[in-house]
Amino acid sequence: MKIFPKSLKKGDKIAIISPAGSVEPTQLEKGIDMIRSKGFEPVLGEHLYTKFSNGYNYAGTEGQRLKDINWALNDSEISAVWASRGGYGCQHLVEGLNLKEFTKDPKWYIGYSDNTVIQSYLFKKGFASIQGQTIKTSSFGVTEDSYDLLFDILKGKRPKYSLGSNQFNRQGNIEGELIGGNLALIYALLGTKYSFDFKDRILFIEDIGENFYALDRMMMSLELAGVFKKIKGLIVGGMTNMGDEKDNKQYEESFDEFANKLISERIAKYNFPTVFDFPNGHIKDNRPLIIGSQVKIKVNDKVKVEF
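Keep in mind it's a predicted model, so treat the numbers as computed, not measured.

(A) Examining the packing of helix α6 (residues 212–224) against helix α8 (residues 257–266) more closely. In the contact formed by α6 and α8, the axes pass within 10 Å of each other and the chain directions differ by 25°. The orientation of α6 relative to α8 falls into the category roughly parallel. Crossing of α6 over α8 shows right-handed handedness. Counted together, Phe-212, Leu-215, Asp-216, Met-219, Met-220 and Glu-223 of α6 and Phe-258, Ala-259, Leu-262, Ile-263 and Arg-266 of α8 form the full contact between these two elements. When its residues are assigned to classes, the contact of α6 with α8 shows 8 nonpolar, no polar and 3 charged.

(B) Representation of unusual backbone geometry. Phi at Asp-200 takes a positive value of approximately 60°, unusual for a residue other than glycine. Positionally, Asp-200 belongs in the loop between α5 (183–189) and β10 (202–208). The partly exposed category is assigned to Asp-200, whose relative accessible area is 43%. Unusually for a residue other than glycine, Asp-277 sits at a positive phi of about 60°. Locating Asp-277 in the fold gives a position in the loop between β12 (274–275) and β13 (289–291).

(C) Expanded view of the sheet that holds strand β1 (residues 13–17). In spatial order, the strands read β2-β1-β5-β6-β7-β13; together these 6 strands make up an open sheet with mixed pairing. What marks the edges here is a single partner per strand, and that holds for β2 (41–44) and β13. Here the average twist between neighbouring strands, direction ignored, is 30°. Note that strand β5 (residues 78–83) and strand β6 (residues 108–111) share 3 bridges and pair parallel. Residue pairing across strands places Trp-82 opposite Ile-110, the latter belonging to β6. Along the sheet face, helix α2 (residues 62–74) touches β1, β2, β5 and β6 and points at about 165° away from the line of β1. Of the strands in this sheet, β6, β7 (129–131) and β13 touch helix α3 (residues 116–125), which is tilted by about 150° from β7.

(D) Just helix α4 (residues 144–154), in detail. Along α4, the positions that sit buried rather than exposed are Ser-146, Tyr-147, Leu-150, Phe-151, Ile-153 and Leu-154. End-on, the buried residues of α4 take up no more than an arc of 155°, which puts them together on one face. Where α4 is buried, its residues contact β1, α1 (25–37), β5, β6, β7 and β13. Positive backbone phi, approximately 105°, marks Gly-156, located one or two places after α4.

Procedures and definitions
Residues numbered from 1 in each chain as written. Predicted model: local features only at pLDDT ≥ 70, side-chain atom pairs only at ≥ 80, totals over all residues. Heavy atoms only, no water. Axes fitted to C-alpha atoms, helices over the stretch in contact; angles between N-to-C directions. Helix = DSSP H or I, 4+ residues; strand = E, 2+ residues; numbered from the N terminus. Parallel < 35°, antiparallel > 145°, perpendicular 65-115°, else oblique. Left-handed = near helix turned anticlockwise from the far one by under 90°. Contact = heavy atoms within 4.5 Å. Nonpolar A, V, L, I, M, F, W, Y, C, P; charged D, E, K, R; others polar. Buried < 20%, exposed > 50% of the residue type's maximum accessible area, 1.4 Å probe, protein only. Pairing = 2+ DSSP bridges. Arc of directions from axis to C-beta.

No statement about biological role is implied by the geometric values presented.
What follows is the structure, encoded as structure tokens:
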């Protein structure tokens with residue numbers, strides 16, 4: 001199991017940074033107020049609202065975004081680091097990340113989507129992180145539980161989840177370290193030194209806005225890279241806005257049956273336990289996961305996931 005940062009207490013400071021896409025102040029107001037309401041002090045990164053357009057609307061240049069994340073990770077007054085959003089841009093930062101002070105006093109890093117890159121980096125360095133909602137999504141009607149459960153983790157409570165059955169689930173009991181995040185970023189890191197170590201791990205994947213052939217291509221790449229021969233189990237989270245909106249009746253839903261079918265077919269020749277429709281991803285009900293934690297999973301008629 002990777003190193004868990006220390007639990008937060010009332011009054012602790014949480015840094016909010018934008019390591020990838022740009023955000024508007026109005027998009028973060030609700031999330032910042034929520035942090036205060038929970039008894040913590042939000043501290044805004046210098047370039048939180050900076051905009052830099054270079055084929056994409058980034059939250060500042062690579063140097064500006066790198067400055068903010070290195071400040072947040074290493075400042076002794078900061079107790080957790082929360083990404084404002086994902087988008088694209090975290091891959092720009094990994095070569096310049098500095099963990100000199102962080103390693104002496106680790107802190108929780110919170111995010112998902114493009115932040116999978118940062119979480120893979122931290123995993124490789126031996127640290128756990130939280131795969132959970134960003135600040136921006138608090139303004140999109142995300143469930144209160146999505147955030148309350150995240151704050152529970154920050155305060156030292158380990159999550160336990162119970163799910164119903166799913167036609168694509170594959171039964172079995174497993175225990176191992178949890179890795180993963182957004183499938184597109186796991187795919188993008190394959191073959192680099194920042195890719196997750198897959199051997200004997202339990203892999204979590206989720207995604208949004210992919211054509212079905214692109215989903216299969218990413219799964220095919222994982223297969224060709226030998227990932228499915230190495231992992232002990234698979235958790236499939238939200239698959240939303242998949243395929244063509246005109247043709248897909250489940251386009252707006254959190255979970256997509258055809259996406260699940262494609263994934264199930266791609267892993268059919270392997271025999272590890274698999275959980276489908278886990279509530280984490282680009283969805284309204286996003287139950288946080290701890291990347292780098294030991295997790296126990298029981299897949300029978302019901303599913304139990306315990307950290």
